[in-house]
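# Fold and contact review
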Amino acid sequence: MKKIMTAIVLSYLALLASASANQGIAFIHGTGHQSDAYNDYWTGDFVNSVRQGLSNSNKYTVINCDFDQFMWVEAAAGCLANQLNSFIANENINSLVLLTHSNGGNVVRWILSNPTYDSRYPGIINTTSKVIAIAPSSLGTPLADAATQGNVFESSLGWLLGYNSDAVKQQQVSWMAYYNNSWLSGTSGRPTLPSTFKVVVGSDVDSAIWDSDSYCAGYQYQVALETTQNWLDSCSDGFLECSSQSGAGTVWFIDKQKTQGREPLSHQQSRRDCFNLDTIIRNDI
Amino acid sequence: MSKSKISLLSACISTCISASTLLLSNSVAATTLASTNATQITTNDIELVSISAPLHKIEQKSLHFSQALAKNSTLSFAVKPYTSISDEYWLEVTGKQLNSGITLAITKPGALIRLSGKKSEDPTQVESIAIDPEQIELSQGQQILSKAFSQKVSQQQFATANIFPNSSAVELAQHLGRGEFKLKVNQALNSDERYLVNVKEKGSKHKLTLSIPSQTLIAKQNIMFDMTMSNSQGKLTNSKHNAHIKTPEGETIAVNYQEVNGKYSIKLPEMPANKNYGKLYELHIASQGNDKGLKVNRNGKVAFAIARPTAKMTSNIAVNLTHAMIELDIASEGRYEISAIISGVNKQGKEEQVMLSRSAHYLQPGLQQVNLDFDTQLLKTLQVLPPYQLSEMRLVDQSRMALLQQQ
């Protein structure tokens, strides 16, 4: 009887908390200079599915910033801070979920790790209830190193959704090691982040031409991503090693643990409605 | 009152790793009393530099932030070494060379060769033609090898995912084994076009290991490092290495290294001030070795920051119930953050680290008294009582993204 009463009280309290919380979600893209991330980065199918997890599904925003820049510059973290603060103020958000993909996780981590750097940051930190970081490049990627090989070639070699960008330089492995050890929180031995930073890890690329699963988010991407695995270890999503993705915060799940058909999520697929990823996130927020 | 030590980047004491690394001292806790009290901090003489304020937008307001530490956290702000292990190499060639054929040393069957054409930012320059992997020919000695490649990746395939634009790749068939091969492009290329050839030998037993004790250095001092070419049995003797520094602006500076007792050092040359705050320098090593007649080429690099000492904490800290007052010697206008881990006395009467506090202020040159504010409500929640103590103190130049001082 006592247990039942406790359960009722807890449920009531949860309802009260839910009623008082004005929850919102922000979709934060990865490397690239976005002006229409809703269509070009995430797709409407993904965004509109995930936001159904909110009590008011209209409380969402899709961020468009220049994440070709270093994470700390005005066009990156400053732009993100402006858009998040506007969203918080306009929608009276008091419980903010940040959904990031790839390098978007680093820009968010910059804000969460450096509360005294900019007066726009503390309000965001205090409102953020959790970060769901899909395939974050927390420890960088050897592909960024490969893309900047050869001094005279920096201007020529490109990157996913970006060319010749400072964000690529930033995501080189030894560069991220420095930033993690000196400027960012959330990695081993460093201060914890002030908000939960839960990570979805992409662990493989499936590019078998006969497998229809290879075609989610575009087959041509899969072929390229399988080739890039030459620079990566055996557990990777084609862009990032699993160790990098899980290098900050806590691992929520590794793709196959929760995806439909235990399918892996390539770096392209982990920002699309592939293998129930959208539903898994929707049910968590 | 106990004395504590805080070491500055340019000071070297018994615990320092090398002359050029961020230094740590053993004892750091500042003595605190319930009422305002003074704590002595011993600092070595530091030559600060006066430089103009950065041009980019910098926050002007003073900001304070405290957060609770996780129970039993093992926080350490100590400098960490960094090690890079390379199983690849790269070289730059012209279109003419590719049409004539270039020699590549392969140490691992199944190596991947990527060819990336330079796309010049200069509109008057001709853009290089992406190489069709069907036009790549491989030979050994005088014999052209049939079925030389197990995989071919076209420019279109790379480009659709925006990976390595203007690039193509071939993977050597496993049966070709190791040795020297000649790679030739039969497609007509412009003679002066430039290409990067990257040989990636994933899982090769031949590696270049490059490590530095710290990624935070100071100007004009030595960078210490280790570099070793090895196979699965150990170090390859008689390896040759070339080194250069790449500046944040992309300039390449050839440097000579010295070897003493198996360790290497390079005296950092005079380099232009880093205009790109936060952007890093890189030490590049190109190595050539020989393993029982098999040529081994490897490239490696590590990134590091060079801090310029624009400010320092002086020797006095006063700690009270709500904040610590810290004196800073500011040589360059800018925004500075001081931070520390705060300890109090827990219910068991023991000192416990409970909170990380940080305060940042925009400061003008001169001696400045600044507050490191505590979140007193949080301290109450964390159930610790005075006297409060400080440890893991750090001074950061936020405006130039430079870590200046830490315990």
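What counts, and at which threshold
- Residues numbered from 1 in each chain as written.
- Chains lettered and ligands numbered in written order.
- Predicted model: local features only at pLDDT ≥ 70, side-chain atom pairs only at ≥ 80, totals over all residues.
- Helix = DSSP H or I, 4+ residues; strand = E, 2+ residues; numbered from the N terminus.
- Buried ≥ 20, exposed ≤ 12 C-beta atoms within 10 Å, placed from the backbone.
- Contact = placed C-beta atoms within 7 Å.
- Pairing = 2+ DSSP bridges.
- Axes fitted to C-alpha atoms, helices over the stretch in contact; angles between N-to-C directions.
- Core = buried A, V, L, I, M, F, W, Y, C linked by C-beta atoms within 7 Å.
- Parallel < 35°, antiparallel > 145°, perpendicular 65-115°, else oblique.
- Nonpolar A, V, L, I, M, F, W, Y, C, P; charged D, E, K, R; others polar.
- pLDDT = per-residue confidence, 0-100.
- Arc of directions from axis to C-beta.

This part is about the overall build of chain B. Helix and strand content of chain B: 3 helices and 31 strands. Relative to its 407 residues, chain B shows a buried fraction of 42%. Across chain B, every contact between residues at least 6 apart in sequence was considered, and the portion connecting residues at least 24 apart equals 74%.

Turning our attention to the overall build of chain A. Within chain A one finds 12 helices and 8 strands. Here chain A, with 285 residues, has 62% of them falling under the buried criterion. Of all intrachain contacts in chain A linking residues separated by at least 6 positions in sequence, the fraction that spans at least 24 positions is 76%.

The next thing to look at is the sheet that holds strand β8 (residues 112–117) of chain B. Residue and element names in this part refer to chain B. The sheet built from 5 strands is open, its strands ordered β6-β14-β8-β12-β11 with antiparallel pairing. The sheet terminates laterally at β6 (88–94) and β11 (149–153), the two strands that pair on one side only. Averaged over neighbouring strand pairs, the angle between their axes works out to 15 degrees when direction is ignored. Where β8 and strand β14 (residues 194–200) come together, 6 bridges link them in antiparallel fashion. Along β14, the bridge assignment pairs Gly117 with Tyr195.

Before going further, it helps to examine the nonpolar core. A general feature of soluble globular proteins is that nonpolar side chains tend to end up buried together. Core analysis: the biggest nonpolar cluster contains 167 residues, and Ala26, Phe27, Leu80 and Leu99 of chain A together with Ile113 and Phe304 of chain B have the highest contact counts within it. Beyond its immediate stretch of four places on either side in the chain, Leu99 of chain A contacts Ile25, Ala26, Phe27, Ile28, Val50, Ile132 and Ile281 of chain A.

Once that is clear, we can look at unusual backbone geometry. For the peptide bond that leads from Pro386 of chain B to Pro387 of chain B, omega is 5 degrees, which places it in the cis range. Mapping Pro387 of chain B onto the fold places it in strand β30 (residues 385–397). One non-glycine residue, Ser102 of chain A, lies in positive phi territory at about 60 degrees. Its identity is not glycine, yet Lys147 of chain B carries a phi of approximately 50 degrees, on the positive side. Lys147 of chain B sits in the exposed class, given 9 other C-beta atoms within 10 Å.

Another point: the environment of Asn64 of chain A. Residues and elements named next belong to chain A. Checked against the element boundaries, Asn64 lands in the loop between β2 (60–62) and α4 (74–91). In sequence terms Asn64 and Asp118 are 54 residues apart; their C-alpha atoms lie 20 Å from each other. Contact partners of Asn64, with chain neighbours within four places excluded, come to Gln34, Ser35, Asp36 and Ala37.

For the rest of this paragraph, the subject is the environment of Met229 of chain B. Relative to the elements of secondary structure, Met229 of chain B occurs in strand β17 (residues 222–231). Taking the C-alpha atoms as reference points, Met229 of chain B and Lys207 of chain B, separated by 22 residues in sequence, lie 5.7 Å from one another.

A few words now on the packing of α4 of chain A against helix α5 (residues 104–113) of chain A. All names here are of chain A. Viewed as axis vectors pointing N to C, α4 and α5 meet at an angle of 75 degrees, and their least axial separation amounts to 10 Å. With respect to α5, the element α4 is oriented roughly perpendicular. Mapping the contact onto sequence places Ala76, Ala77, Leu80 and Ala81 in α4 and Val107, Trp110 and Ile111 in α5. In the contact of α4 with α5, the residues fall into 7 nonpolar, no polar and no charged.

Atomic detail in the predicted coordinates should be set aside for any region of low pLDDT. Residue and element names in this part refer to chain A. In this model, chain A carries an average pLDDT of 87, and 82% of its residues clear a pLDDT of 70 or more. Here residues 13–17 scores under 50 on pLDDT; set against residues more than four positions off or in separate chains, the count is 0 contacts. Ignoring residues within four places in sequence, the model shows residues 151–163, a span with pLDDT below 50, making 47 contacts including any to other chains.

Residues and elements named next belong to chain A. Pairing within the open sheet is parallel, and its 6 strands lie in the order β2-β1-β3-β4-β7-β8. Each having just a single partner strand, β2 and β8 (250–254) make up the two edges of the open sheet. Neighbour-to-neighbour, the strand axes of this sheet turn through a mean angle of 20 degrees, independent of strand direction. Two strands pair when backbone bridges link them, and strand β1 (residues 23–28) and β2 are joined in this way by 3 bridges, in the parallel orientation. Pairing of Ala26 across the sheet is with Thr61, part of β2. Contacting β1, β2 and β3 (95–101), α4 crosses the sheet at an angle of about 160 degrees to β1.

Attention shifts here to helix α9 (residues 173–182) of chain A. Because each turn of an α-helix spans 3.6 residues, side chains separated by three or four positions end up pointing in the same direction. When you tally the buried positions in α9 of chain A, you get 10 out of 10 residues, the bulk of the element. Every buried residue of α9 of chain A is accounted for by Val173, Ser174, Trp175, Met176, Ala177, Tyr178, Tyr179, Asn180, Asn181 and Ser182 of chain A. On its buried face, α9 of chain A sits against α7 (142–147) and α8 (166–170) of chain A together with β5 (82–86), β16 (216–218), β24 (294–307) and β31 (402–406) of chain B.

All names here are of chain B. Summarising burial for strand β27 (residues 334–345): 11 of the 12 residues are buried, a large majority. Where β27 and strand β28 (residues 351–363) come together, 12 bridges link them in antiparallel fashion. Following the sheet pairing, Ile342 is matched in β28 by Met355. Counting the residues between successive antiparallel strands, the hairpin from β27 to β28 contains 5 residues, one of them, Gly349, with a positive phi of roughly 80 degrees. The sheet contact formed by β27 and β30 spans 8 bridges and is antiparallel. Of the residues in β30, the one forming a bridge with Tyr336 is Asp397.

Residues and elements named next belong to chain A. Looking at helix α12 (residues 277–284), one finds that the buried residues are Leu277, Asp278, Ile280 and Ile281. The buried residues of α12 occupy an angular sector of 165 degrees when the element is viewed end-on, so they sit on one face. In this structure, the buried side of α12 is in contact with α3 (44–50), β3 and β4 (128–134).

Looking now at the environment of Gln142 of chain B. Residue and element names in this part refer to chain B. Its place among the elements puts Gln142 in the loop between β9 (136–140) and β10 (143–144). Gln142 gets classed as exposed once you count the C-beta atoms within 10 Å, which come to 6. The spacing of Gln142 and Lys182 is 40 residues in sequence and 9.4 Å in space, taken between C-alpha atoms.

Moving on, we get to the confidence of the model for chain B. Residues and elements named next belong to chain B. Across chain B, the average pLDDT comes to 85, with 85% of residues at or above 70. Ignoring residues within four places in sequence, the model shows residues 1–43, a span with pLDDT below 50, making 124 contacts including any to other chains. Note on the complex model: pTM 0.88, ipTM 0.87.

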